[in-house]
Amino acid sequence: MIDFLLSSFFIPVYFITWVVSMLTYKKYFDTVMRFFPIFIAYTFFTELLGYFIFTYDEFSFFEEEEYAWHNVIIYNVYTIVTFIFFFWMYWKLVSTKKYKNSILAVASLSIISFLISIVLQDPMHTGLYFADIVSSYSLLLAIFLYFKEKRNEGYPFFQKKNLMFWVSIGFSTFHLVFPHLYFIGFEMPEIWIEYHLRKVLQVFIVIMYSFFLIGLFLGKRNSFR
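Attention in this report is confined to the structure presented alongside it.

Parameters at a glance
Residues numbered from 1 in each chain as written. Predicted model: local features only at pLDDT ≥ 70, side-chain atom pairs only at ≥ 80, totals over all residues. Heavy atoms only, no water. Helix = DSSP H or I, 4+ residues; strand = E, 2+ residues; numbered from the N terminus. Rg over C-alpha atoms; globule rule 2.2 N^0.38 Å. Contact = heavy atoms within 4.5 Å. Areas by Shrake-Rupley, 256 points an atom, 1.4 Å probe, with all protein chains shown as cover. 1 Å grid on protein atoms, 1.4 Å probe; cavity = no way out; pocket = protein on both sides within 12 Å on 5 of 7 lines; lining within 4 Å. Points joined across faces, edges and corners; volume = space filled by probe spheres on them. Nonpolar A, V, L, I, M, F, W, Y, C, P; charged D, E, K, R; others polar. Salt bridge = Lys/Arg side-chain N within 4 Å of Asp/Glu carboxyl O. Buried < 20%, exposed > 50% of the residue type's maximum accessible area, 1.4 Å probe, protein only. Expected span 1.5 Å × (residues − 1). Axes fitted to C-alpha atoms, helices over the stretch in contact; angles between N-to-C directions. Left-handed = near helix turned anticlockwise from the far one by under 90°. Parallel < 35°, antiparallel > 145°, perpendicular 65-115°, else oblique.

This part takes up the overall build of the chain. The number of helices and strands found in the chain is ten helices and zero strands. Ordered by position from N to C terminus, the α and β elements of the chain give α-α-α-α-α-α-α-α-α-α. Over its C-alpha atoms the chain spans a radius of gyration of 18 Å, differing by no more than 12% from the 17 Å that the globule rule assigns to 225 residues. Along the first, second and third principal axes, the C-alpha atoms of the chain reach 60 × 40 × 30 Å. Relative to all contacts within the chain whose residues are 6 or more apart in sequence, the contacts with residues 24 or more apart total 71%. Carbon and sulfur atoms provide 70% of the accessible area of the chain, an area that totals close to 12000 Å².

Listed below in C-alpha cells is the structure:
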C-alpha cells in the first residue's frame, strides 16, 4: 500500500475529487458539467487499472512476457474519449457562432490527428503523443475562447463562485505544461528519466485537480456560466 501511494500519489486525488463531485452534484446537475463525476470516475479507474497492469502480470493484456507491462492502450482510449468530452463541453458553453465554429474546427483537427497517429503508430504499445500534443493546444484555444466570450459579455476574469472558471484554470495549468513534458518523454527519454519528469507531470495533475476541488467547494449554482 505504501509503495502504491509513493509511486502513484496522484491516484487518491482522483477518488477524493470524485467523492466531492458527487456530494456537490446539485450545484451543477443541470449544466454541461453534469457528466463531470463520470469523467473523474473514468480517470480514476483508468489509472488504477494502468497501475495494476504495469505492476502485476495477471492483469496483462498480452501473453508475450516482454509486453506484459504494456498498459498504454487504455490511456490512448482514455485520451480520445476525454478530449472529445472537453471539446463538447466548451462547444456547449460558448454561444458566439464564430467561437462555436472555431472549437468545432480544433476538435476536428484533434480527431484527425488521432486517426493519423493510429495509422502511423501502434496504439497497443505506444502513446499517441503527436495527437495528444495537438489536442492539448487545441483545448487551450477552446478555453481561451470561453474566457474571451465571458469577458466580452462583461464578466470579470476572476469568478470565485463559478465552477467552470476553476475547471478551466485547472485544465489550462495542466495543458500548458503537458505537451512539452510529453514531447520530452518520447523524443528525449534520457532527460525525462534524469530529471524525473514523470513525477513533475504527476504534480501538475494534482495541481489541476486541486483547482477542480476549489471550484467544487466554492462554486454556486447561480454563478455557473
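Where empty space is left can be seen by rolling a probe of water-molecule size over the atoms. In this structure, the largest pocket occupies an estimated 1400 Å³ of space. If you go around the largest pocket, you meet 43 residues; those closest to its centre are Y75, Y182, W192, R198 and L201. The set of elements that each furnish at least two residues to the lining of the largest pocket consists of α2 (11–23), α3 (36–55), α4 (72–93), α7 (163–175), α8 (178–187), α9 (189–194) and α10 (197–218). The element best represented in the lining of the largest pocket is α4, accounting for eight residues. Broken down by class, the residue content of the lining of the largest pocket amounts to 24 nonpolar, 16 polar and three charged.

Counted under the stated rule, the structure contains three salt bridges. A salt bridge links K150 to E149, with the nearest nitrogen and oxygen atoms 3.7 Å apart. In this structure E149 comes out as buried when scored by relative accessible area, which is 2%. You can call K150 buried: its relative accessible area is 7%.

This part is about helix α6 (residues 129–152). In this model, α6 (24 residues) spans 35 Å end to end at C-alpha, consistent with the 34 Å of a helix rising 1.5 Å per residue. Burial analysis of α6 places 17 of its 24 residues in the buried class, which makes it a mostly covered element. G154 sits one or two positions beyond α6 and adopts a positive phi of about 95°.

Relative orientation of the contacting elements α6 and α7 amounts to 150°, with a least axis distance of 10 Å. Considering how the two elements wind past one another, α6 and α7 form a crossing that is left-handed. Residues S136, L139, L140, I143, Y146 and F147 of α6 form the contact with α7, whose own contacting residues are M164, F165, S168, I169, F171, S172 and H175. Residue composition of the contact of α6 with α7, by class: nine nonpolar, four polar and no charged.

Time to look at the packing of α4 against α6. Running from amino to carboxyl end, α4 crosses α6 at an angle of 15°, the nearest separation of the two axes being 10 Å. Relative to α6, α4 is oriented roughly parallel. Remark: the crossing between α4 and α6 carries left-handed chirality. When α4 is examined against α6, the residues T79, F83, F86, F87, Y90 and L93 are found in contact with a partner set consisting of D132, S135, S136, S138, L139, A142, I143, Y146, E149 and K150. Class assignment of the residues belonging to the contact of α4 with α6 gives a composition of nine nonpolar, four polar and three charged.

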